[in-house]
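Reading the structure
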Amino acid sequence: MDDERAIEEILDTIGDEHARRVLAAISREPRSAKDLSEECDLSLPTVYRRIEMLTQYDLIKDQTLVADDGNHYKVYESNFESTVISLEDDEYKVRIYREENLPDRFSQLWDDLNPE
């Protein structure tokens, strides 16, 4: 897939009203698909389709938990802090800012400043 097509698909994904509602809900705290369905007033199949769309572009991540009764279920959470969409030289650019661990960021900065 070329970059232009990928950018168009990311814009389509975050432009989808249901996907935005799911992202808004999980930006506050991780939620299960069932919780998302209730909170966003969406059917469970709609929630799962949006989760699939958002996962495809690495905008959300999941974690498997075990309920008190022993059943496993997934909770979903946002995998980024913010996005910036810009238009430069008649071309759209999408920048996704992800939460990084501070020591990792420092190590990367140090490595960048001191190439061996």
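Keep in mind the model is a prediction, meaning the values are calculated, not measured. (Residues numbered from 1 in each chain as written. Predicted model: local features only at pLDDT ≥ 70, side-chain atom pairs only at ≥ 80, totals over all residues. Heavy atoms only, no water.)

This paragraph deals with helix H2 (residues 17-28). Between its first and last C-alpha, H2 extends 17 Å over 12 residues, near the 16 Å set by a 1.5 Å rise per residue. One side-chain oxygen at the N-terminal end of H2 lies 3.1 Å from the backbone nitrogen of His18; it belongs to Asp16. (Helix = DSSP H or I, 4+ residues; strand = E, 2+ residues; numbered from the N terminus. Expected span 1.5 Å × (residues − 1). Polar contact = N/O pair within 3.5 Å; in protein donor to acceptor, adjacent residues only side chain to side chain.)

This paragraph deals with the nonpolar core. Judged by nonpolar contacts, the single largest core of 20 residues is most densely connected at Leu23, Leu36, Ile51, Leu54, Leu59 and Ile60. Breaking this core down by element, the ones donating at least two residues are helix H1 (3-15), H2, helix H3 (33-40) and helix H4 (44-56). For this core, the leading source of residues is H2, giving five residues. (Core = buried A, V, L, I, M, F, W, Y, C linked by side-chain atoms within 4.5 Å. Buried < 20%, exposed > 50% of the residue type's maximum accessible area, 1.4 Å probe, protein only.)

With that out of the way, let us pick up the side chain of Thr46. As for its position among the elements, Thr46 is in helix H4. Residue class for Thr46 comes out buried when judged on its relative accessible area of 11%. Within the structure, Thr46 has its side chain in polar contact with the side chain of Arg49 (distance 3.2 Å).

In the structure shown here, the tally under the stated rule is seven salt bridges. A salt bridge links Arg31 to Glu39, with the nearest nitrogen and oxygen atoms 2.4 Å apart. A relative accessible area of 11% means that Arg31 is categorised as buried. Among the residues examined, Glu39 registers a relative accessible area of 37% and is labelled partly exposed. (Salt bridge = Lys/Arg side-chain N within 4 Å of Asp/Glu carboxyl O.)

Limitation: the analysis is restricted to geometry and does not speak to function.
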